[in-house]
Amino acid sequence: MKIVLKNIFQGFFFLFVFIFVIEDNLFAQTFSITGKVVDQNSNPIPGVNIIIINTNYGASSDENGNYEIANLPVGIYSIEYSAVGFEKAVSSNISLSDKSITIDVILTEQIIESDEVVVTAGKYEQKKSELPVSSEIIHSKEFTEKNFSNLEEALRYVPGVNMTDDQISIRGSSGYSRGAGSRALLAIDGLPFYTGDSGESVWEMIPVSELERVEIIKGAASSLYGTSAIGGVINGLTREITEKPRTSVSGYFGFYDKPYYSEWDWSGERRPFNGLTLSHSNNVGDLGFTLAFTRLEDQSYRKDDHFKKYIGFIKTKYDFTPLSSLTFIANTFNKRSGNFLYWKDSHNALIPPEAEQGQRIETNRYLFGLIYKTVLTEKFLLNIKTNYYRNHFKDTETPVNESTSNLYRGEVQLNTDITEGIVLTTGIEGMGSTVISTLFGNPNSIGFGSYVVSDIKFNFPLIISAGVRYDYTKLDSLDGSGAVSPKLGLNYKLYENLILRSSIGTGFRAPTLAEAFTSTSASGITVKPNPNIKSESNLTFEIGVNYILFNFLTFDVAAFQNEYYEMIEPGIDPLDGLVYFDNIIRARIQGVEASTLFNFIPNELSFRLNYTYLWARDLETGTALRYRPRHIFYSGLEFTKWNFMFGADFRFTSEVEEIDEELVDLGIIKDGELRVPVYVTDLRLGYNLISLNLPLNIYLNVKNIFNYNYVELIGNIRHIRNYILGVSLLIQ
Amino acid sequence: MLRTVIRKYFNLLPAIIFLITCIVACDHGIEPKPIVSEPPGFSGTITFSGEWPDSITRTHIVVFKDPLLSASDFNIFNLRFVSSEIPFGTQTYEYSSRDSSFVPGTGMFEPGTYAYIAVAQQAVKNLSLVRSDWFVAGVYYAGGDTTQPGSLVIPDSTFITNINIICDYNNPPPQPPGGN
């Protein structure tokens with residue numbers, strides 16, 4: 001009996017062990033979900049919170065964006081990915097049955113426009129929603145996705161901005177003067193730079209691959225930035241140097257389609273263009289650095305309009321202490337190009353006149369800057385900036401036009417947090433330029449400025465910004481002149497999602513050396529100097545409203561008025577037929593600007609509409625100011641779903657009422673009176689190969705898809721239809 | 001409420017896109033100007049009599065749109081045609097606006113009425129548009145009326161001939177205002 005019982009007991013024991021082992025194997029079989037979380041440019045995102053919905057399972061991504069959720073039993077799951085600054089993403093119905101799986105995710109940057117931070121408006125970090133003036137931001141992804149190799153191209157899609165060839169006009173501030181005397185100040189990381197001779201903004205020099213964002217301040221900013229900022233400021237902010245090695249390679253290849261009219265087809269071929277950028281960023285101890293090199297080549301759809309450009313960029317940052325650093329920036333530019341100034345006639349719209357053919361021009365530009373930042377105490381931040389900008393060009397005209405200019409700038413700025421709600425920004429600035437030129441002679445200029453601006457926050461909640469700047473400028477032998485530029489701005493948050501803003505101020509701009517001293521003749525156009533030229537000034541006023549409806553709608557509208565006194569414009573002296581710059585205009589520019597962003601499906605489908613109405617008049621003659629369109633309209637549709645992106649942009653500007661009619665009347669530019677409204681449509685597709693474990697983005701762009709022929713500048717057909725294939729690879 | 005708004009915009013969106021596409025796809029903007037089969041213009045003969053002054057450096061036929069009633073009317077915007085240079089010492093010179101050295105605007109002589117046609121001479125080395133640098137050697141008179149400068153009328157697509165001018169150095173015509 002005992003034996004029987006013993007056998008039964010042993011049998012139960014083995015059965016129990018057998019069942020236990022089998023059951024354990026059956027129910028303890030688990031799997032894992034692994035993957036990588038990156039942004040739209042394939043940059044890994046650390047610290048992403050990853051949870052499996054309705055469970056306690058979860059993980060967070062490491063510094064390389066990798067994550068793993070282990071020990072997951074068989075099942076069907078939904079995973080949520082969230083991180084500060086990014087739109088939430090959910091992967092639904094993930095089936096985990098017989099093996100571990102990998103899910104790579106791309107998170108889209110969350111852009112709540114009013115909460116973005118800008119540094120340009122007040123020379124320190126401020127929320128965009130707290131500014132008294134209108135501002136815009138171009139994000140880095142737009143350069144990649146839309147394949148903009150030049151900042152100038154991106155500016156064409158900014159509300160209220162109009163480009164005439166390479167000359168910017170913010171809310172109608174400028175016409176066209178072949179680069180001489182820009183009314184918008186261009187800066188890189190807060191370092192203003194313009195050519196010492198003509199005061200020209202050189203967009204093509206900016207290394208767009210290294211830009212984090214571009215901030216645009218509309219309206220006179222002379223109370224902080226002095227001369228040249230009479231119409232606004234454009235500040236390109238470069239990427240922060242990375243803590244770990246980061247290498248990126250991006251390139252594109254494209255070609256222009258055949259012209260719509262066969263008689264314009266001067267080459268008989270589809271003209272190619274291409275570009276390549278290499279960039280590396282790293283940190284060694286307390287020293288961080290970024291090196292970038294770009295080569296661009298364009299055979300152009302126009303004869304003698306070809307170019308090769310080389311852009312170098314170095315940024316180093318040394319941290320003396322966590323509160324003190326020195327940043328060095330070097331930006332170099334070399335360009336060898338043809339010199340297309342205007343067409344032969346409307347039957348030969350893509351070739352220059354015979355007498356002008358075969359001309360070449362070489363340009364070399366160098367910008368070096370130092371930025372020292374230190375927190376003196378809890379309340380004082382000291383910022384010292386110096387920069388040197390050298391510009392040289394030489395053409396093959398007879399006689400040769402050659403110019404070398406040197407611009408030196410220095411600025412000391414102190415930000416003081418007087419109390420919790422009061423920030424005081426003070427500074428002094430000095431500049432000097434020297435020129436050796438066959439066009440402008442050998443003049444030089446000096447200038448200095450001093451400013452104080454206070455931003456006061458009340459609890460209502462109201463923010464008052466008040467400031468004043470004094471500038472003195474002396475151009476060579478001309479009498480020096482000074483100007484005081486005060487400004488007052490208000491920002492009132494009526495509700496959390498409804499903000500009112502208003503500002504009034506004055507601006508001024510001293511003539512550039514080119515406007516005062518140019519004496520040259522090129523392509524049938526002769527320019528003479530005007531030693532009696534004076535500074536121009538303006539009084540600017542703006543009122544605006546910003547409204548946000550949940551995450552669905554953002555609406556902004558602004559009305560503005562600019563009164564210009566002694567406005568400097570190029571004209572032709574009827575007594576001798578020569579071009580010269582003069583204080584010829586008392587002008588008024590009024591307008592309304594409205595922009596709307598619909599997030600139809602947040603994080604997936606958005607639609608943007610921008611409209612600007614401009615009324616720009618010479619008050620003495622009653623005629624429209626030159627090269628200012630009355631209507632400017634942009635719209636953009638963007639669809640993003642997982643790894644795929646589609647976008648379409650449409651741009652319209654009405655036909656400009658006034659151009660350089662004299663160049664037509666004098667027979668210099670044949671058929672130059674031809675101009676039309678601008679209708680340009682661009683399409684783009686993008687795909688991110690992160691799902692194949694490749695940190696690679698591919699873009700396909702078709703620009704001016706309807707092959708619409710238009711001019712911005714007299715006798716200059718803008719880009720005809722072109723196709724671009726671009727790739728962007730990130731190695732970390 | 002929000003859904004209604006979203007649906008409303010969704011319904012409008014394709015219509016807007018379709019409308020814009022239609023507008024921009026059918027128009028190709030700037031196009032070559034049509035070629036005029038018979039360009040308007042004029043021609044004639046200049047006859048010189050008397051001795052050419054040694055000081056003359058340039059001689060051209062000039063056409064002004066409006067009458068030269070004051071010195072300020074002699075300006076670049078009123079000037080509509082400058083012929084090729086007439087060689088020094090020439091006695092008879094055949095000219096045509098088709099051989100022009102300078103026609104403003106479209107590059108072709110435009111139809112219209114022109115108030116003052118003359119042979120103008122200059123005594124300074126470089127081409128100048130300053131009135132005081134010029135001297136009028138002969139004026140076009142219409143229909144034999146020598147009491148006032150004759151007008152030149154050029155209809156559309158018409159080429160006018162026999163716009164003849166006599167330059168008599170011994171009997172120069174009245175000078176327009178602004179001269180020396």
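Given the structure is predicted, the values throughout are model-derived calculations rather than measurements.

**Thoughts on the overall build of chain A**
In step 1: Within chain A one finds six helices and 43 strands.
In step 2: Projecting the C-alpha coordinates of chain A onto the three principal axes gives extents of approximately 135 × 70 × 45 Å.
In step 3: Expressed as a percentage of its 732 residues, the buried residues of chain A come to 57%.
In step 4: Long-range contacts, defined here as pairs at least 24 residues apart, represent 62% of the contacts in chain A between residues at least 6 apart.
In step 5: Put simply, chain A shows about 29,900 Å² of open surface, and 59% of that area lies on carbon and sulfur atoms.
In step 6: Once the 64 positive and 86 negative side-chain charges of chain A are each reduced to a mean point, those two points are 2 Å apart.

**Brief notes about the overall build of chain B**
In step 1: From N to C terminus, chain B includes one helix and 10 strands.
In step 2: Within chain B, the fraction of its 180 residues that count as buried is 40%.
In step 3: Put simply, of all contacts in chain B between residues at least 6 apart along the chain, 71% involve residues at least 24 apart.

**Let's talk about the nonpolar core**
In step 1: Core analysis: the largest hydrophobic core is formed by 88 residues, its most contacted members being Phe143(A), Leu151(A), Leu155(A), Ile168(A), Ile234(A) and Ile717(A).
In step 2: The contacts of Ile168(A), once residues within four sequence positions are left out, are Leu155(A), Val161(A), Asn162(A), Met163(A), Ser174(A), Ser182(A), Ala184(A), Trp203(A) and Ile234(A).
In step 3: Formed by 23 residues, the second largest nonpolar core is a distinct cluster that contains Phe81(B), Ile86(B), Tyr93(B) and Tyr95(B).

**What about the pattern of salt bridges?**
Residues and elements named next belong to chain A.
In step 1: In the structure shown here, the tally under the stated rule is 52 salt bridges over all chains.
In step 2: Of the charged contacts in the structure, one is a salt bridge between aspartate 257 and arginine 721, with a shortest N-O distance of 2.9 Å. Of this pair, aspartate 257 sits in the loop between strand S18 (246-256) and strand S19 (272-284) while arginine 721 sits in the loop between strand S42 (716-717) and strand S43 (722-731), placing them 464 residues apart in sequence.
In step 3: Residue aspartate 257 is classed as buried on the basis of its relative accessible area, which comes to 12%.

**Concerning a nonpolar patch on the surface**
In step 1: On the surface, a nonpolar cluster with roughly 790 Å² of combined accessible area is contributed by Leu287(A), Leu291(A), Ile314(A), Tyr318(A), Phe320(A), Leu326(A), Phe328(A), Tyr366(A), Phe368(A) and Leu370(A).
In step 2: By relative accessible area, which is 41% here, Leu291(A) ends up partly exposed.

**A short note on the sheet that holds strand S3 (residues 58-60) of chain A**
All names here are of chain A.
In step 1: Here we have four strands laid out as an open sheet, ordered S3-S2-S5-S6, and antiparallel in their pairing. Both edges of this open sheet fall to S3 and strand S6 (89-96), since each of them pairs with a single strand only. Recorded for the sheet is a direction-independent mean angle of 20 degrees between the axes of neighbouring strands.
In step 2: Relative to strand S5 (residues 75-82), strand S2 (residues 49-52) runs antiparallel, the two being bridged by four bridges. Across the sheet, isoleucine 51 pairs through a bridge with glutamate 80, a residue of S5.

**Quick notes on the pairing of strand S37 (residues 631-641) of chain A**
Residues and elements named next belong to chain A.
In step 1: Sheet topology note: the strand S36 (residues 605-618)/S37 ladder contains nine bridges and is antiparallel. If you follow asparagine 610 over to S37, its bridge partner there is tyrosine 634.
In step 2: Counted along the chain from S37 to the antiparallel partner strand S38 (residues 644-653), the turn is two residues long, and its residue tryptophan 642 has a positive phi close to 50 degrees.

**So, unusual backbone geometry**
All names here are of chain A.
In step 1: Even without a glycine there, the phi angle at aspartate 189 is positive, about 50 degrees.
In step 2: Here aspartate 189 is to be found in the loop between strand S14 (184-188) and strand S15 (191-192).
In step 3: Accessibility expressed as a relative area gives 15% for aspartate 189, which makes it buried.

**Thoughts on the side chain of Asp197(A)**
All names here are of chain A.
In step 1: Here aspartate 197 is to be found in the loop between S15 and strand S16 (211-218).
In step 2: In this structure aspartate 197 is buried but unpaired, with arginine 365 as the nearest side chain of opposite charge at 6.7 Å.
In step 3: A polar contact of 3.0 Å, which involves the side chain of aspartate 197, links it to the side chain of serine 403.
In step 4: Sequence-distant contacts of aspartate 197, defined by excluding residues within four places in its chain, comprise Asn391, Phe393, Ser403, Ser405, Val435, Phe440, Thr512, Leu513 and Ala514.

**Here we look at the confidence of the model for chain A**
The predicted structure's coordinates, where accompanied by low pLDDT, should not be read in detail.
In step 1: In the predicted model, chain A carries a mean pLDDT of 89, and 95% of its residues have values of at least 70.
In step 2: Counting interchain partners and residues more than four positions distant, the pLDDT-below-50 stretch residues 15-27 of chain A has two contacts.

**Structural notes on the sheet that holds strand S3 (residues 79-82) of chain B**
Sheet strands pair via backbone hydrogen bonds, and the direction of the pair is either parallel or antiparallel.
Residue and element names in this part refer to chain B.
In step 1: Taken in spatial order, the four strands make up an open sheet running S3-S2-S6-S7, and their pairing is antiparallel. The outermost strands of the open sheet, each flanked by one partner alone, are S3 and strand S7 (134-139). Each strand of the sheet is rotated relative to its neighbour by a mean of 35 degrees, with strand direction disregarded.
In step 2: In this structure, strand S2 (residues 58-64) lies alongside S3, joined through three bridges in antiparallel fashion. Residue pairing across strands places valine 62 opposite valine 82, the latter belonging to S3.

**Notes on the packing of aromatic side chains**
All names here are of chain A.
In step 1: Summed over all chains, the structure comprises 33 aromatic pairs over all chains.
In step 2: For the ring pair phenylalanine 448 and tyrosine 472, a centre distance of 5.9 Å and an interplane angle of 35 degrees mean the geometry is tilted. On the criterion of sequence distance, the pair formed by phenylalanine 448 in strand S27 (residues 444-457) and tyrosine 472 in strand S28 (residues 462-475) is long-range, its members being 24 residues apart.
In step 3: Assessed through its relative accessible area of 45%, phenylalanine 448 is described here as partly exposed.

**Let's talk about the side chain of Ser654(A)**
Residue and element names in this part refer to chain A.
In step 1: Within the secondary structure, serine 654 is located in the loop between S38 and helix H6 (661-665).
In step 2: One polar contact links the side chain of serine 654 to the main-chain amide nitrogen of arginine 630, over a distance of 3.1 Å.
In step 3: Not counting the four nearest positions on each side in its chain, serine 654 is found in contact with Pro629, Arg630, His631 and Pro677.

**Observations concerning the environment of Tyr492(A)**
All names here are of chain A.
In step 1: One can find tyrosine 492 in strand S29 (residues 481-495).
In step 2: Taking the C-alpha atoms as reference points, tyrosine 492 and leucine 224, separated by 268 residues in sequence, lie 22 Å from one another.
In step 3: Once residues lying within four places of it in the same chain are set aside, the contact partners of tyrosine 492 are Phe460, Pro461, Leu462, Leu498, Ile499 and Leu500.

**Some remarks on the environment of Leu287(A)**
All names here are of chain A.
In step 1: Take leucine 287: it is sitting in strand S20 (residues 287-298).
In step 2: Its relative accessible area of 36% is what places leucine 287 among the partly exposed residues.
In step 3: Not counting chain neighbours up to four residues away, the residues in contact with leucine 287 comprise Asn282, Thr316, Lys317 and Tyr318.

**Observations concerning the environment of Ile698(A)**
Residue and element names in this part refer to chain A.
In step 1: Positionally, isoleucine 698 belongs in strand S40 (residues 696-703).
In step 2: When its relative accessible area of 31% is taken as the criterion, isoleucine 698 is described as partly exposed.
In step 3: Residues isoleucine 698 and glutamate 263, spaced 435 residues apart in sequence, show a C-alpha to C-alpha distance of 35 Å.

**Comments concerning the confidence of the model for chain B**
In step 1: With 81% of its residues at a pLDDT of 70 or more, chain B has an overall mean of 82.
In step 2: Interface confidence for the predicted complex, expressed as ipTM, amounts to 0.78; the pTM equals 0.78.

What counts as what
Residues numbered from 1 in each chain as written. Chains lettered and ligands numbered in written order. Predicted model: local features only at pLDDT ≥ 70, side-chain atom pairs only at ≥ 80, totals over all residues. Heavy atoms only, no water. Helix = DSSP H or I, 4+ residues; strand = E, 2+ residues; numbered from the N terminus. Buried < 20%, exposed > 50% of the residue type's maximum accessible area, 1.4 Å probe, protein only. Contact = heavy atoms within 4.5 Å. Areas by Shrake-Rupley, 256 points an atom, 1.4 Å probe, with all protein chains shown as cover. Lys, Arg positive; Asp, Glu negative; His and termini not counted. Charge placed at Lys NZ, Arg CZ, Asp CG, Glu CD. Core = buried A, V, L, I, M, F, W, Y, C linked by side-chain atoms within 4.5 Å. Salt bridge = Lys/Arg side-chain N within 4 Å of Asp/Glu carboxyl O. Patch = residues over 30% accessible without salt bridge, like charges linked within 9 Å, V, L, I, M, F, W, Y side chains within 5 Å. Pairing = 2+ DSSP bridges. Axes fitted to C-alpha atoms, helices over the stretch in contact; angles between N-to-C directions. Polar contact = N/O pair within 3.5 Å; in protein donor to acceptor, adjacent residues only side chain to side chain. pLDDT = per-residue confidence, 0-100. Phe/Tyr/Trp six-rings, centres within 6.5 Å; stacked < 30°, edge-to-face > 60°.

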